[in-house]
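Letter by letter, the chains look like this.
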Amino acid sequence: MTELGAVFRPQLPPERLRALARLADETGLEELWLWEDCFREGGISTAAAALAWTERVRIGVGLLPVPLRNVAITAMEAATLHRMFPGRAVLGVGHGVQDWMGQVGARAESPLTLLREHLVALRALLGGERVSTQGRYVSLDDVALDWPPEGPVEVLTGATGPRTLRLAGEAADGTVLTASTPPDGVRRARRLIDEGRRKAGRTDRHRVVVYLLTATGPDAAARLRAELAEEGVADVPDLGVAGDAGAVAKAVQRLADAGAGTVVLQPTADEPDPEGFVRFAAEDVRPLVP
């Protein structure tokens, strides 16, 4: 079954999160995803709050920029969430937006090397291993978590370029793709991810999460066109969807057929009714997605 989620966009003030998280929980939506966009809202703090306010919905963070964090801190915070809310936290890490990383003095000369070192160390620490490593960016000396997760947990990574997609297959447990990824882009990403998996000899499950820019309501088409144009992707075919639940469900299915295991509906930045959007995803679209 294709898993369905929705995004709480950080253009909304953080005090709006409680109501939306509870609504996602009550309406049966599988996942609610949060972003750590500079300089809006923290990913771990919002995830912890959303998890505490809810009972069953999974809370995803896509993604935590690795240049901003020592990997030991990432591991400690991730392990804490996984132990307090078993099976409900879904965390992704990634390069971050390079301009933003430059603004805070954290831009890495080799983002790919940093992400590789971070992923390898993070998965080892969350797996309960004691880690010593001296890399270009990640340096750990006999580090182990006192409270690692009690079972295996997923570590996802965001990826767009070919080298990062191959790295995702090699060193992560899942991949998060942006809303600028049409169905053909998902197929291409899966091929590159699988190349990385073969290189690493991995045969375990690899989850692909794709955001789908979604607009509904009387002005849906105009809002979708405006956001695609603002993002510079207005000419990309089969990108985003505007319409009723049937149209959205068909767009979700196209991404699932291309290789997505989870599709997360991403409202436009000017979505006039965020609560209504979550209810629309859970009550209208979810029943139409096999």
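Please refer to the structure higher up on the page.
Because the structure is predicted, anything quoted here is derived from the model rather than measured.

Bringing the nonpolar core into the picture now. Across soluble globular proteins, nonpolar side chains show a tendency to be buried alongside one another. Leu265 and Val285 are the most contacted members of the largest nonpolar core, which has 77 residues in total. Apart from the residues within four sequence positions on either side, Leu265 is in contact with Leu4, Gly5, Ala6, Val7, Leu212, Thr214, Val248, Val252, Phe277, Ala281 and Val285. Counting residues in each nonpolar core, the second largest holds 17 residues, with Trp33, Val176, Val209 and Tyr211 among its members.

Further remarks concern the environment of Ala124. By the element assignment, Ala124 lies in helix 5 (residues 111-126). Assessed through its relative accessible area of 11%, Ala124 is described here as buried. Distance from Ala124 to Ala75, taken between C-alpha atoms, is 9.3 Å for residues 49 residues apart in sequence.

It is worth spelling out the pattern of salt bridges at this point. Evaluation of the coordinates by the stated rule reveals 29 salt bridges. Residue Arg123 is joined to Asp173 by a salt bridge in which the shortest nitrogen-to-oxygen separation is 2.9 Å. On the criterion of sequence distance, the pair formed by Arg123 in helix 5 and Asp173 in the loop between helix 6 (162-171) and strand 8 (174-177) is long-range, its members being 50 residues apart. For Arg123, a relative accessible area of 30% translates into the label partly exposed. Using a relative accessible area of 10% as the deciding quantity, one classes Asp173 as buried. The closest approach of N and O atoms between Arg207 and Glu154, which form a salt bridge, is 3.2 Å.

The geometry of an aromatic ring pair comes down to the distance between the two centres and the angle between the two planes. Counted by the stated rule, this structure contains two aromatic pairs. Centre to centre, the rings of Trp33 and Tyr211 are 6.2 Å apart; their planes meet at 85°, and the pair counts as edge-to-face. Within this pair, whereas Trp33 is found in strand 2 (residues 31-34), its partner Tyr211 is found in strand 9 (residues 207-215), the two being separated by 178 residues in sequence. With a centroid separation of 5.7 Å and 65° between ring planes, the pair formed by Trp35 and Tyr211 is classed as edge-to-face. Here Trp35, found in the loop between strand 2 and helix 2 (43-53), pairs with Tyr211, found in strand 9; they are 176 residues apart in sequence, far enough to count as distant. In this structure, Trp35 and Tyr211 share a single accessibility class: buried. The structure contains a cluster of three or more aromatic residues connected by ring pairs, namely Trp33, Trp35 and Tyr211.

A few words now on the side chain of Glu36. By the secondary structure assignment, Glu36 is in the loop between strand 2 and helix 2. Relative accessible area serves as the criterion here: at 13%, Glu36 is assigned to the buried category. Within the local environment of Glu36, its side chain forms a polar contact with the backbone nitrogen of Gly43, the two atoms lying 2.6 Å apart. Looking at Glu36, its side chain comes within polar contact range of the side chain of Arg69, at 2.8 Å. Those residues in contact with Glu36, other than ones at most four positions away along the chain, are Glu41, Gly42, Gly43, Ile44, Leu63, Leu64, Pro65 and Arg69.

This part covers the pairing of strand 1 (residues 3-8). Here strand 1 lies mainly inside the structure; six of its six residues are buried. Alternating residues of strand 1 divide into Glu3, Gly5 and Val7 and Leu4, Ala6 and Phe8, and every residue in both groups is buried. Note: strand 1 against strand 11 (residues 262-267), four bridges, orientation parallel. Its bridge partner lying in strand 11, Gly5 is registered against Val264.

So, how was this worked out
- Residues numbered from 1 in each chain as written.
- Predicted model: local features only at pLDDT ≥ 70, side-chain atom pairs only at ≥ 80, totals over all residues.
- Heavy atoms only, no water.
- Core = buried A, V, L, I, M, F, W, Y, C linked by side-chain atoms within 4.5 Å.
- Buried < 20%, exposed > 50% of the residue type's maximum accessible area, 1.4 Å probe, protein only.
- Contact = heavy atoms within 4.5 Å.
- Helix = DSSP H or I, 4+ residues; strand = E, 2+ residues; numbered from the N terminus.
- Salt bridge = Lys/Arg side-chain N within 4 Å of Asp/Glu carboxyl O.
- Phe/Tyr/Trp six-rings, centres within 6.5 Å; stacked < 30°, edge-to-face > 60°.
- Polar contact = N/O pair within 3.5 Å; in protein donor to acceptor, adjacent residues only side chain to side chain.
- Pairing = 2+ DSSP bridges.

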